[in-house]
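Secondary and tertiary structure notes
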Amino acid sequence: MQNALSVVLDSLPYLLQGSFLTAGIVVFAMFLGLFIGIFMSVGLVYGNRFIRYILTAYVWIFRGVPVVVLLFLFYFGLFSFLGLNFSAFATVSIVLGMTTGAYQANIFKGAILSLPHGQFKAASGLGMSDMQAIKNIVLPQILRMSIPAWSNEYSIILKDSALAFVIGAPEIMARTQFVASRTYQHLSLYITAGIIYFLLTWAGVIGLRKLEQYVRIPGYSQHGNQ
Amino acid sequence: MELSPFYQELFVSLNRGLVMSIALIVPSAVGGVLIGIVAGAIRTYGNRYLKTIADCYAAVFRGTPLVIQLFVLYFGLPNIGIYLTPYVAAVLGFTFCSGAYQSEYVRGALLSIKSGQYLGGQALGFTTFQTIVWIIIPQAVRRAIHGCGNEIIYLIKYSSLAFIVTCIELTGEGKTIATEYFRFTEVFGIIGLYYLGLVSLAIIILKKIEQRLFIPGFGHH
Amino acid sequence: MTEKMVILRVNNLSKSFGDSTILNSVSIELAKGEIKVLIGPSGGGKSTLLQCINCLVVPDAGEIELDNARIQFTRKQDIYRLRQQVGMIFQDFNLFDHLTALDNITIALRKVKKMPKKEAEKRARLELEQVGLGDKETLYPAQLSGGQKQRVAIARALAMDPKILLLDEPTSALDPTLIGEVISVIKGLAVKGMTMIMATHQISLIYNLADEILFMENGRIVEQGPPAALLAAGNKSKSQGFCDRLNELSEVEG
């Protein structure tokens, strides 16, 4: 049995390589979620009853079913059932993207509803079409308001990405498990992995806080413009 | 109508798993709330040392994936001679993780109570203890309930990680059957419905509690 | 003038926060039924003085005697008893946000005075009637206007049967349109002979109610005397100048 510290030091580069895949999953999922969230929030607020019904069901499902269950369902079930040959990496990214999309839809919906009614009317009054008003007036405002909630989503996705190992994507957690099963230094290795995640979490949260300050306009805070 | 053997076996297993899931969720939710209250109160009112400790606890458990916490408890601790059963490891992991998040809501609720509320109580001759019991707690509970309820819903979903440390609950039972019959879509579709049922039930109960406790000026949003 | 019955004696009260001295050896003697009005620039120590008299802020030095009984600042029981007998009205009301108007009043009666629920409610209703809010007992603070909140706060303090009422700028957080209703309640108290110390910038309260004006500046009482003397025409007192400025302000505000 090897010494814990030397095992950790030896395997550190190998573990850290996993953070590229982790980062890839997180970035892909965040943007997929952003995309889904924006379209869904517009549909949830401005859509007709049928659209709202469908979107609400989507949100209900993805907020109510555990990520692990979704991963198994999509990776071993639905995707192969549909003849889609997605890699574990792609599956994790898509599932996490769809999940965070459901949450982001609600975040953006709240932001849209907190906009003063006059904003949309003023845009229409200037001759903008509905789409132009949404794109030029509504979105720039709700995206700013949503950054703090986004930072929360980032931290959730990052931590959820550690579940990718259950379907075999070789990210940080899977690599840690692999090394641990050979060296039996479970405790020190998992603590090391925990530290890596911890640093990634705070790096992202601080980065988003910087972004928030960078795009700040006087009058906008996370509580909207009051 | 007679169910096929596959479905008969599936539902027997899943129901057994459901019982285990509930046995994981209930103590973890209760423990999480209790730890959350203590840690949240310390993070708000504690002296510098206690506060630092509680802040670190919350940051560590909120900053690392739950699955790693479970691995440390179940696979890691034996390295230093501590052996936990899968059930105990899972409940401990869930409780401490949940408690860290709950402390955040408790802290937020306590911070949101204006200092005037203490002053108002003291000016009427309330003791500190009376002020806490009759003024601070009733207000804090109403401010925290929504966030704490949401956290319990997260806990219900994350109880699905217990199978990873070989505590076979709903997801674990399903995985066994799905692997055996290689019918992942049906099995995990149905498991998904089980969780949707649990989560929806929890949401309804929490909404009822929130409604019952509702007071103008304390609503969510 | 008949023999004064002194109810509160404050001797050489001092209080500092860090390096800054907020109260510098302040003394007051208050007789039963007397009304003293504190005026002066903000930051002059009026609020701290009132909070010290109620031991919401414990003084660094000095003495407080209520009904000839000295308050030991280190004894919690003394402080709780003092607070039960000295009512406090705050600038921002400090109603308990989770309790109805009625329960805001009953809670202290029940928990501090250990009064039975029925009796407490009866008393609370009486006090609400007195401030003109008999029909609002089931409403929560969030459902009341500022003026109504302050009247509930006054009713809450009066229900404790205080010997003295301290009022810390009771109208300064209110919309101009709501000040009147609170002023008339306070005037009603004066008519009934309530003993009060009040910090206020309301000219009408200063002129009409004060038996004595105390002008505070830099933590000291720098002038004191009856309004007739201090505010007499041609008197160049600080109080006079201060009230003139208040008058100008209220004229500008319309």
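Description of the structure in this document. What you are looking at is a predicted structure, and each value in this text was computed from that prediction instead of being measured.

A regular strand places its side chains on the two faces of the sheet in alternate fashion. Residues and elements named next belong to chain C. Burial within strand β7 (residues 164–168) is extensive, with 5 of its 5 residues counted as buried. Residues Ile164, Leu166 and Asp168 line one face of β7 and the alternating positions Leu165 and Leu167 line the opposite face, and both faces are buried. Pairing between strand β6 (residues 86–89) and β7: 4 bridges, direction parallel. Across the sheet, Met88 pairs through a bridge with Leu166, a residue of β7. Summarising the sheet, β7 and strand β8 (residues 196–199) pair through 4 bridges and their orientation is parallel. Within the sheet, the bridge partner assigned to Asp168 lies in β8 and is Ala199. Assessed by its sense of winding, the connection that carries the chain from β7 through helix α6 (residues 176–191) to β8 is right-handed.

Before going further, it helps to spend a moment on the interface of chain C and chain B. With 22 residues of chain C in contact, the opposing surface of chain B contributes 20 residues. Secondary structure elements with two or more residues in the side of chain C that touches chain B: α2 (76–85) and α3 (101–111) of chain C. Along the lines of polarity and charge, the residues of the side of chain C that touches chain B split into 13 nonpolar, 5 polar and 4 charged.

On to the environment of Ser129 of chain A. Along the polypeptide, Ser129 of chain A turns up in the loop between α5 (117–125) and α6 (130–160). Taking the C-alpha atoms as reference points, Ser129 of chain A and Thr100 of chain A, separated by 29 residues in sequence, lie 29 Å from one another.

With 122 residues, the main nonpolar core has Leu71 and Ala164 of chain A together with Val67 and Leu70 of chain B as its most contacted residues. The element that contributes the greatest number of residues to this core is helix α1 (residues 4–46) of chain A, accounting for 14 residues. Counting 81 residues, the second-largest nonpolar core is a separate cluster that includes Leu109, Ala199, Met216 and Phe242 of chain C.

Moving on, we come to the packing of helix α1 (residues 5–45) of chain B against helix α6 (residues 128–158) of chain B. Describing two packed helices takes the angle between their axes plus the distance from one axis to the other. All names here are of chain B. Where α1 contacts α6, the two axes come as close as 10 Å, and the packing angle between them is 145°. Remark: the crossing between α1 and α6 carries right-handed chirality. Residues Ile25, Ser28, Ala29, Gly32, Val33 and Gly36 of α1 pack against Cys148, Ile152, Leu155 and Ile156 of α6. Looking at the contact of α1 with α6, its residues break down into 7 nonpolar, 3 polar and no charged.

On the side of chain B, 30 residues touch chain A, which itself brings 28 residues to the contact. Secondary structure elements with two or more residues in the side of chain A that touches chain B: α2 (49–64), α3 (67–81), α7 (172–183) and α8 (186–214) of chain A. Ranked by residues supplied to the side of chain A that touches chain B, first place goes to α8 of chain A with 10 residues. Of the residues assigned to the side of chain A that touches chain B, the class counts are 21 nonpolar, 6 polar and 1 charged.

By definition, the strands of a sheet pair up through backbone hydrogen bonds, in either a parallel or an antiparallel sense. All names here are of chain C. Read across the sheet, 4 strands follow the order β2-β1-β4-β5 without closing on themselves; strand pairing throughout is antiparallel. On the outer flanks of this sheet lie β2 (20–31) and β5 (69–70), each paired with one strand and no other. Contacting β1 (6–17), β2 and β4 (61–66), helix α1 (residues 46–53) crosses the sheet at an angle of about 60° to β2.

Residue and element names in this part refer to chain C. For β1 and β2, the ladder comprises 8 bridges, and the chain directions are antiparallel. Paired with Ser16 across the strands is Thr21, a residue of β2. The turn linking β1 back onto β2 is made up of 2 residues, and Gly18 within it adopts a positive phi angle of 60°. By the bridge criterion, 5 bridges tie β1 to β4 in an arrangement that is antiparallel. In the strand pairing of β4, Arg9 is matched with Glu65.

So, how was this worked out
Residues numbered from 1 in each chain as written. Chains lettered and ligands numbered in written order. Predicted model: local features only at pLDDT ≥ 70, side-chain atom pairs only at ≥ 80, totals over all residues. Buried ≥ 20, exposed ≤ 12 C-beta atoms within 10 Å, placed from the backbone. Helix = DSSP H or I, 4+ residues; strand = E, 2+ residues; numbered from the N terminus. Pairing = 2+ DSSP bridges. Right-handed = clockwise from strand over helix to strand, strands pointing away. Contact = placed C-beta atoms within 7 Å. Nonpolar A, V, L, I, M, F, W, Y, C, P; charged D, E, K, R; others polar. Core = buried A, V, L, I, M, F, W, Y, C linked by C-beta atoms within 7 Å. Axes fitted to C-alpha atoms, helices over the stretch in contact; angles between N-to-C directions. Left-handed = near helix turned anticlockwise from the far one by under 90°.

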